[in-house]
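Take a look at the letters that make up each chain.
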Amino acid sequence: MNKRMEKLLNEQVNLEMYSANAYWAMCSWFSDKDLDGFANYFKVQAKEELFHAEKQFNYIHDVGGKVTIGSIQQPESDFGSVLEIFEITLAHEKAVTRSIGNLIKAAFEESDFATHTFLQWFVTEQVEEEATVSQIISKLKMIGDNSSALYLLNTELAQRTFNAATGGAA
């Protein structure tokens, strides 16, 4: 692995670890409000992000690179509303998608086809991530101030689980 790709992949590992911390902070906010289903959603998200970081960590080692763990910025933990959290989440996932895209571009420029192929899994994952969050935002906008509907969505999100075999939600 060349130094450019090693540096970029290490930055991605750190971004995934930041994502996990941000989602834990969101989980905590929901837990404080007794919205256990929403808290569960973000607990699963945090687990997914750590899975992504581990997958990238292992890949760097598999191809002879050196993993360098950097400091991780403290995430925001004070939010104004349920909708605000999901809008922040969508913006963050779009930033992660751009980061993956930049990695793929760099891998192509470096003729690093192994890394280019490895990253394709993350492209598919990001499409799913953004679509899921967008759908929840649409539901939240439909719900508005209807607490009964919010309760139903909370119940729906409580069913979400992490599938360690695939690294995704079930």
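Note that residues are indexed from 1 along each chain, following the sequence as it is written. Per-residue local features of the predicted model are confined to residues with pLDDT of at least 70, and side-chain atom pairs are confined, for both listing and counting, to 80 or more; whole-chain, interface and lining totals are unaffected and use all residues. Only heavy atoms go into the side-chain values, all of them from the structure, while hydrogens and water stay out.

Asks: I'd like to hear about the overall build of the chain, residue by residue, with values.
Replies: The numbering of helices and of strands both runs from the N terminus, where a helix is a DSSP run of H or I of at least 4 residues and a strand a run of E of at least 2. The number of helices and strands found in the chain is five helices and two strands. The helix and strand sequence of the chain, counted from the amino end, reads α-α-α-α-α-β-β. Note on method: radius of gyration uses C-alpha positions; expected globular size equals 2.2 Å times residues raised to 0.38. Relative to the compact-globule value of 15 Å for 170 residues, the chain shows a C-alpha radius of gyration of 17 Å, a close match. Projected onto the principal axes, the alpha-carbon positions of the chain cover approximately 55 × 25 × 25 Å. Three exposure classes are used, based on accessible area relative to the maximum for each residue type with a 1.4 Å probe and protein chains only: buried under 20%, partly exposed in between, and exposed over 50%. The buried share of the chain, taken over its 170 residues, is 42%. Of the contacts made within the chain by residues no fewer than 6 positions apart, 78% connect residues no fewer than 24 positions apart. Only the protein chains shown count as cover for residues, with accessible areas throughout obtained via the Shrake-Rupley method and a probe of 1.4 Å. Carbon and sulfur atoms make up 54% of the accessible area of the chain, which amounts to about 8,800 Å² in all. In the chain, the 14 positive side-chain charges and the 24 negative ones have mean positions that sit 4 Å from each other. Contacts: residue pairs with any heavy atoms within 4.5 Å of one another. Under the counting rule used here, the positive set is Lys and Arg, the negative set is Asp and Glu, and His together with the chain ends is not counted. One atom stands in for each charge, and that atom is NZ of Lys, CZ of Arg, CG of Asp or CD of Glu.

Asks: Which residues make up the side chain of His-92, and what values go with them?
Replies: In this fold, His-92 is placed in helix 3 (residues 82–109). Here Ser-19 takes part through its side chain, which lies 2.6 Å from a polar atom of the side chain of His-92. Those residues within four positions of His-92 in sequence are excluded, and the remaining contacts are Leu-15, Tyr-18, Ser-19 and Tyr-23. Polar contacts, as used here, are pairs of N or O atoms within 3.5 Å; protein pairs need one atom able to donate a hydrogen and one able to accept it. Residues neighboring in sequence count only if both atoms are side-chain atoms.

Asks: Explain the layout of surface pockets to me, and be specific about the residues and the numbers.
Replies: It is the rolling of a water-molecule-sized probe over the atoms that shows where space remains empty. Here the largest pocket is characterised by a volume of approximately 180 Å³. Grid points spaced at 1 Å over the protein atoms alone were grouped into cavities, where a 1.4 Å probe fits but cannot get out, and pockets, open sets with protein on both sides within 12 Å along at least five of seven lines, with lining residues defined by an atom within 4 Å of a point. Considering the residues around the largest pocket, the lining is formed by Tyr-41, Glu-128, Thr-132, Gln-135, Ile-136, Lys-139, Glu-156, Leu-157, Arg-160 and Ala-169. Secondary-structure elements contributing two or more residues to the lining of the largest pocket are helix 4 (113–143) and helix 5 (147–157). Top contributing element to the lining of the largest pocket by residue count: helix 4, with five residues. Three residue categories are used. Nonpolar comprises Ala, Val, Leu, Ile, Met, Phe, Trp, Tyr, Cys and Pro, charged comprises Asp, Glu, Lys and Arg, and polar comprises the others, including Gly. Across the lining of the largest pocket, the residue classes break down as four nonpolar, two polar and four charged. Grid points are joined across faces, edges and corners, and a volume is the space filled by probe spheres set on the points.

Asks: Describe the packing of aromatic side chains, and please don't skip the residues or the numbers.
Replies: Think of it this way: a Phe, Tyr or Trp ring, Trp meaning its six-membered ring, pairs with another when their centres are within 6.5 Å, and the plane angle makes it stacked under 30 degrees, edge-to-face over 60, tilted otherwise. Summed over the entire model, instances satisfying the criterion amount to 15 aromatic pairs. Between Phe-38 and Phe-86, the ring centres sit 6.0 Å apart and the planes meet at 65°, which makes this aromatic pair edge-to-face. Residue Phe-38 is located in helix 2 (residues 36–62), and its partner Phe-86 is located in helix 3; the two are separated by 48 residues in the primary sequence. The buried category is assigned to Phe-86, whose relative accessible area is 0%. Note on Tyr-41 and Phe-86: the rings are 5.5 Å apart at their centroids and 55° apart in plane angle, and the pair reads as tilted. On the criterion of sequence distance, the pair formed by Tyr-41 in helix 2 and Phe-86 in helix 3 is long-range, its members being 45 residues apart. Side by side, Tyr-41 and Phe-86 carry an identical accessibility label, which is buried.

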